[in-house]
Amino acid sequence: MAKSKAKEATRTGMTSTILNKIFFERKTLQEVLQEAEHDHEGGAGKLTLIDLLAIGIGATIGSGVFVLTGKAVPIAGGGAIVAWLIAGAICFLSSSSYMELTSRLPTKGSCYVFSYHSLGELASVVGAVCLTMEYGISSAGIARTWSLKFGRAVGIAEHSFICYNGQEFGSESCSGDVDNYFDPIAGVMVLLCTAVVARGLDMGKIIINSFTVAKILLVIFMIIAGFSCWTGNMFASTESFLPEGVAGVFKVTPMLFWGFIGFDEVCCMASKAADPVKTMPYAMGGTLLGAGLISALAQFALSAMVPVYAGMGSVPFEQAFEDRGLHWVKWIISVGELTLLPLVCLLSLLPQPEVTAAMSEDRLIPSVFRKRNRQGTFVKGSIIVGIVASVLAMTVPFALLGDVISFGVLFSFNLTNLSLINLRYGNGGARREPTVDILGWILMVALAVAGYCCQQGLVERALAGMSISLPALAGFIASSIIALGILSLLAFGFEQKCDMADANIYKARGVPFLPGFAIFCNWFLIASFSWTNVGYFVAFLGLFLVTYIFNLLRSAGTWSSPVTSDSDQNSTVSASEVSCDSEIGMSTK
């Protein structure tokens with residue numbers, strides 16, 4: 001009887017410990033900065049501001065100009081230019097949260113670390129899933145785009161892809177626009193990029209910087225050549241500029257967030273940066289501004305030269321010039337894209353080992369992902385990630401991946417914005433203000449309801465010429481009042497407990513109202529995704545969570561602080577408070 005009670009007490013205690021770890025445990029500032037110091041002690045060269053801009057702009061204009069511009073024209077026509085500007089503006093709303101958090105927590109992991117520090121372990125796992133969508137899975141989608149361009153350029157497309165429906169490539173259900181086929185070339189491309197990532201940063205950044213300069217020159221050539229072929233006046237009427245009306249702009253905008261992944265990739269490389277506290281805000285701001293302007297100009301040039309008609313498919317730059325009879329321009333662009341698009345695949349894959357290493361150091365996934373060589377490269381983790389991405393590139397259609405990737409980008413923005421709010425009001429590194437924590441999650445739910453009601457029941461129906469939904473209007477008003485009430489309560493009822501005097505730390509403006517508005521905008525765009533694509537994301541998240549819970553149960557009773565090296569245990573850092581985590585603030589240079 002006594003033994004039975006003892007076992008029951010042990011099970012109850014273990015359950016309580018597990019639940020506390022999942023929902024309430026946070027990563028302290030000391031642990032974050034010890035990891036950052038350990039990363040900076042590695043043998044690899046550090047990324048300068050120029051290197052970081054090359055990574056960010058190289059990834060963004062690659063996925064944006066080479067992949068998304070042609071897909072946006074049939075839907076929005078000239079209005080795709082507006083869609084790029086809207087997407088950039090919404091990214092800008094979230095950018096200040098990223099800048100402050102990266103300045104305060106200068107280590108690898110981006111949204112994953114921000115969430116672990118401010119929201120808890122479970123939120124960090126969800127953030128890691130979002131980042132995996134952005135990095136590892138997006139590299140697979142880019143590889144499939146490259147292989148299609150390669151197959152068409154050398155005339156082997158009909159023989160390179162194995163259609164899942166048994167038909168020949170080029171049929172209505174198996175073509176460039178509907179890529180329901182097995183793609184071995186894409187798999188090989190991802191493996192080659194994996195080899196570069198595993199080789200180390202010193203080799204990788206030379207390739208990245210050189211190719212990024214070449215890519216910018218190619219895009220400038222495409223823009224100039226496109227404007228030289230401007231036909232007609234797309235501004236002559238609303239119908240010519242917006243063939244599907246404002247609805248087309250809203251339909252395209254969520255898709256374009258995949259074109260801004262370079263912004264988050266820069267953030268994830270903080271542990272490799274020289275002087276990240278000062279460098280990272282400039283790198284992220286420069287990436288967002290430079291890549292946004294370049295992508296919008298490229299979209300403008302393509303829209304100016306391509307007439308929109310009903311039933312048209314995607315029109316990439318090379319096809320648009322071929323239709324104009326400019327075959328020499330088409331071949332310059334084709335050769336340039338085939339040469340440079342692999343860089344985008346490489347840049348998408350580059351941060352993924354950083355994310356898995358951060359999770360491994362926190363003992364959320366196996367230790368193999370955190371093992372590094374003398375140069376500080378996560379070789380085994382890079383290889384494992386690359387193999388998985390290669391399988392996805394060979395088997396999963398891009399049509400399925402695109403919206404799921406954008407969903408992950410927007411959801412990670414929401415977690416980052418909420419992380420900043422929670423950190424500012426005392427929950428960085430520990431749950432010191434439970435009321436603020438609860439209010440934050442209620443705010444997230446209220447803004448999600450407001451975003452969905454506004455998009456689905458009001459804006460979408462109004463643009464379609466239908467009457468608005470009164471229940472949706474009531475839901476929007478009620479949830480908006482709740483959200484504004486929570487934001488006002490946080491702003492005027494609670495004290496911000498961060499060190500705001502350190503001039504080295506970037507300070508976001510308008511907290512908590514600006515991050516709150518950013519969360520609403522992100523939910524508004526998420527609401528436009530089909531429930532099928534949301535289901536794919538939830539399924540992937542569920543698989544990830546099952547793995548996480550299994551690892552949690554298997555290691556129950558053996559938890560300790562995150563894995564650190566001997567040098568971490570004996571490390572000393574300067575006493576300059578950079579976060580809201582503890583009275584012993586530390587700064588990593």
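Residues numbered from 1 in each chain as written. Predicted model: local features only at pLDDT ≥ 70, side-chain atom pairs only at ≥ 80, totals over all residues. Heavy atoms only, no water.

**Observations concerning the side chain of E318**
Alright, step 1. Mapped onto the secondary structure, E318 falls in helix α14 (residues 317-323).
Alright, step 2. A polar side-chain atom of E318 sits 2.8 Å from a polar atom in the side chain of K149.
Alright, step 3. Excluding its chain neighbours within four sequence positions, the residues that come into contact with E318 are K149, K330, I333, S334 and E337. (Helix = DSSP H or I, 4+ residues; strand = E, 2+ residues; numbered from the N terminus. Polar contact = N/O pair within 3.5 Å; in protein donor to acceptor, adjacent residues only side chain to side chain. Contact = heavy atoms within 4.5 Å.)

**Points about the nonpolar core**
Alright, step 1. Formed by 169 residues in total, the largest nonpolar core has its most connected members in F66, Y112 and F257.
Alright, step 2. In contact with F257, not counting residues within four places along its chain, are A87, I90, C91, S406, V409, L410, F413 and L525.
Alright, step 3. Residues A157, F161, C163 and Y181 belong to the second largest nonpolar core, which totals 7 residues. (Core = buried A, V, L, I, M, F, W, Y, C linked by side-chain atoms within 4.5 Å. Buried < 20%, exposed > 50% of the residue type's maximum accessible area, 1.4 Å probe, protein only.)

**As for helix α6 (residues 121-154)**
Alright, step 1. In this model, α6 (34 residues) spans 49 Å end to end at C-alpha, consistent with the 50 Å of a helix rising 1.5 Å per residue.
Alright, step 2. Along α6, the sharpest change in direction is near 40° and occurs at S138.
Alright, step 3. Within α6, 30 of the 34 residues are buried, which leaves it mostly tucked inside the rest of the structure.
Alright, step 4. Positive backbone phi, approximately 75°, marks G155, located one or two places after α6. (Expected span 1.5 Å × (residues − 1). Bend = angle between axes of the 7 residues up to and from the residue.)

**With respect to unusual backbone geometry**
The general pattern is negative phi for most residues beyond glycine and trans for most peptide bonds.
Alright, step 1. Here the bond from V511 into P512 is cis, since omega is 10°, no more than 30 degrees from zero.
Alright, step 2. With a phi angle near 50°, D275 is a residue other than glycine that sits in the positive phi range.
Alright, step 3. Examined against the element boundaries, D275 turns out to sit in the loop between α12 (261-268) and α13 (276-305).
Alright, step 4. One non-glycine residue with positive phi stands out, namely R363, at about 60°.
Alright, step 5. Looking at R363, the relative accessible area reads 37%, which means it is partly exposed.

**A few points about the pattern of salt bridges**
Alright, step 1. What the rule picks out here adds up to 12 salt bridges.
Alright, step 2. Between K149 and E337 there is a salt bridge; the shortest N-O distance is 3.1 Å. Here E337 lies in helix α15 (residues 327-349) and K149 lies in helix α6, a separation of 188 residues in the sequence.
Alright, step 3. The class of E337 is buried, set by a relative accessible area of 1%.
Alright, step 4. Here the salt bridges do not stand alone but share partners, grouping K21, E25 and E121 into one network. (Salt bridge = Lys/Arg side-chain N within 4 Å of Asp/Glu carboxyl O.)

**Overview of the packing of helix α4 (residues 79-104) against helix α21 (residues 513-526)**
Alright, step 1. Contact geometry of α4 with α21 gives a least axis separation of 9 Å together with a crossing angle of 140°. By the criterion of interaxial angle, the relationship of α4 to α21 is oblique. Two packed elements cross with a definite hand, and for α4 against α21 that hand is left-handed. When α4 is examined against α21, the residues I90, L93, S94, S96 and S97 are found in contact with a partner set consisting of L514, P515, F517, A518, C521, N522 and L525.
Alright, step 2. Tallied by class, residues from the contact of α4 with α21 come to 8 nonpolar, 4 polar and no charged. (Axes fitted to C-alpha atoms, helices over the stretch in contact; angles between N-to-C directions. Parallel < 35°, antiparallel > 145°, perpendicular 65-115°, else oblique. Left-handed = near helix turned anticlockwise from the far one by under 90°. Nonpolar A, V, L, I, M, F, W, Y, C, P; charged D, E, K, R; others polar.)

**What about the packing of aromatic side chains?**
Alright, step 1. As enumerated under the stated definition, the model contains 27 aromatic pairs in all.
Alright, step 2. Between the aromatic rings of Y112 and Y116, the centroid separation amounts to 5.9 Å while the plane-to-plane angle is 65°, which identifies the pairing as edge-to-face. Of this pair, Y112 and Y116 both sit in helix α5 (residues 111-118), 4 residues apart, which is roughly one turn of that helix. Pair check on accessibility: Y112 and Y116 agree, each one buried. (Phe/Tyr/Trp six-rings, centres within 6.5 Å; stacked < 30°, edge-to-face > 60°.)

**Remarks on the state of the cysteines**
Alright, step 1. Considering all chains together, one arrives at 1 disulfide under this definition.
Alright, step 2. Covalently, C163 is tied to C174 through a disulfide, its sulfur atoms 2.0 Å apart. Between C163 and C174 the sulfur-sulfur dihedral comes to about -80°; the bridge is accordingly left-handed. With C163 in strand β1 (residues 162-163) and C174 in the loop between β1 and β2 (181-182), the pair connects residues that are 11 residues apart, well separated along the chain.
Alright, step 3. Residue classification places C163 among the buried positions, given a relative accessible area of 8%.
Alright, step 4. Given a relative accessible area of 0%, C174 falls into the buried group. (Disulfide = S-S within 2.5 Å.)

**So, the environment of A247**
Alright, step 1. By the element assignment, A247 lies in helix α11 (residues 245-252).
Alright, step 2. For A247, a relative accessible area of 31% translates into the label partly exposed.
Alright, step 3. Along the backbone, A247 and R461 are 214 residues apart, and their C-alpha atoms lie at a distance of 9.6 Å.

**Considering the environment of A389**
Alright, step 1. Note that A389 resides in helix α17 (residues 379-395).
Alright, step 2. Measuring from C-alpha to C-alpha, the distance between A389 and L349 comes to 8.4 Å, with 40 residues separating the pair along the chain.
Alright, step 3. When near neighbours in sequence (up to four residues on either side) are disregarded, A389 contacts G136, S139, A140, V190 and L349.

**Side note on the environment of V190**
Alright, step 1. Relative to the helices and strands, V190 resides in helix α8 (residues 184-199).
Alright, step 2. Note on V190: relative accessible area 0%, which makes it buried.
Alright, step 3. For the pair V190 and V388, spaced 198 residues apart in the sequence, the C-alpha separation amounts to 9.5 Å.
Alright, step 4. Here V190 is in contact with S139, A140, A143, C345, L349, G386, A389, S390 and A393, once residues within four sequence places are set aside.

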